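# Summary of the model geometry
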Amino acid sequence: MDEGALPDGFDYVGDVYRPPYEAQAILMQATVGCSYGKCTFCSGHADKAFAIKDQAILERDIAFAGRYCTRQDRVFIMDGNALCMPMPRWRWLLGAIRRGLPWVAGLATFATARDVAEKSDADLHQLRELGLDRIYMGVESGNAETLKRLRKGIDPAGLLLQGRRVGDAGMELVCSVMLGIVNAKDSLRHARETGQLLSGMRPDIVTVLTLIAFAGTGIKQELERGDLNFLSVPQVLEELQELLLHTELAGGLFDCSHSSGYVHFKARLPEEKQSAQALIDQALAGKCPLTPDAARRI
């Protein structure tokens, strides 16, 4: 491509989102929006109709990155669930990135468990061989009733199976879960079953978020109807304590540093579990500062 034809920047449609661990990655929007778009807590892609971008647009993005992003050695492929792209497009894209950005050492993407289920074991292994080394998957809960209420489109057994398949293919698995998405009477059960599911999925990283309800979402409507009530801060911390208690990882990272939370820490499990539990106990006792609601962000 003639360098004079390069755009002024990457082609982004609407707001784009990346995980904290990809803060230094090249952000490449291969799809627009989310092909599922039914989760009741999510508003991130409500303003965008799902589409797979034209190959020519991605070629220009790769050319732009080849000229201006030579210090970044990772690529994060967006949008909401880019793994849903068919394998021919994935093979082309990963090959084009390898040719155009030969210094890139790793690639990652968002995926739903449903997206993983649509890929065969051979597909997942091929994606890993072509450079995709990390998949971010939203789990939210290990409780079947909660997943159904959130309209996740999959049950705990499905999440367990698809999460294990990601790891078996040699890719890192990063799972996000959410506090505060059930009423108080169901809180500890949600936390316990979520921890048990994570233990079976064996993620490399668990990221813990706390509910922030956005206008127009199904969960916001539940709150307005009174079908769901916000947990108090102590109840959220108790839910976090129960989640941590029942999460067993073999050297994985339990990351509770997200800006939506009230207390922040990172703990390598199992060796740092006890110190993390002690920190939550201190928070419950009012002995450490908590993030005020006005400062919490997604």
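This text goes with the structure placed above it.
The present account deals with the structure reproduced in this document. (Residues numbered from 1 in each chain as written. Predicted model: local features only at pLDDT ≥ 70, side-chain atom pairs only at ≥ 80, totals over all residues. Heavy atoms only, no water.)

## Some details on the pattern of salt bridges
Applying the stated criterion across every chain yields a total of 16 salt bridges. With a closest N to O distance of 2.8 Å, Asp121 and Arg165 form a salt bridge. You can see Asp121 sitting in helix α4 (residues 121–129) and its partner Arg165 sitting in helix α6 (residues 156–168), a full 44 residues away along the chain. Taking the shortest distance from any N to any O, the salt bridge between Arg225 and Asp227 comes out at 2.7 Å. The network of salt bridges with common partners includes Glu22, Arg74, Asp133, Arg134 and Glu172. (Salt bridge = Lys/Arg side-chain N within 4 Å of Asp/Glu carboxyl O. Helix = DSSP H or I, 4+ residues; strand = E, 2+ residues; numbered from the N terminus.)

## Digging into the environment of Ala51
Within the fold, Ala51 resides in strand β3 (residues 51–52). Exposure remark for Ala51: the relative accessible area of 33% places this residue in the partly exposed category. Apart from the residues within four sequence positions on either side, Ala51 is in contact with Thr31 and Val32. (Buried < 20%, exposed > 50% of the residue type's maximum accessible area, 1.4 Å probe, protein only. Contact = heavy atoms within 4.5 Å.)

## Considering the packing of aromatic side chains
By the definition in use, this model includes seven aromatic pairs. Measuring from ring centre to ring centre gives 6.0 Å for Phe110 and Tyr136, while their planes differ by 70°; the resulting arrangement is edge-to-face. With Phe110 in strand β5 (residues 106–111) and Tyr136 in strand β6 (residues 132–140), the pair connects residues that are 26 residues apart, well separated along the chain. What makes Tyr136 buried here is its relative accessible area of 6%. The interplanar angle of 10° and the centroid separation of 6.1 Å between the aromatic rings of Phe254 and Phe265 together place this pair among those described as stacked. Of the two residues, Phe254 is situated in strand β9 (residues 253–255) and Phe265 in the loop between β9 and β10 (266–268); the sequence distance between them amounts to eleven residues. Both residues of the pair, Phe254 and Phe265, belong to the buried class. Here the aromatic residues Phe10, Tyr12, Phe64 and Tyr68 are joined through ring pairs into a cluster of three or more. (Phe/Tyr/Trp six-rings, centres within 6.5 Å; stacked < 30°, edge-to-face > 60°.)

## Examining the pairing of β5
Across the six residues of β5, five count as buried, placing the element largely inside the fold. Examined bridge by bridge, β5 and β6 share five bridges and lie parallel to one another. Along β6, the bridge assignment pairs Phe110 with Tyr136. (Pairing = 2+ DSSP bridges.)

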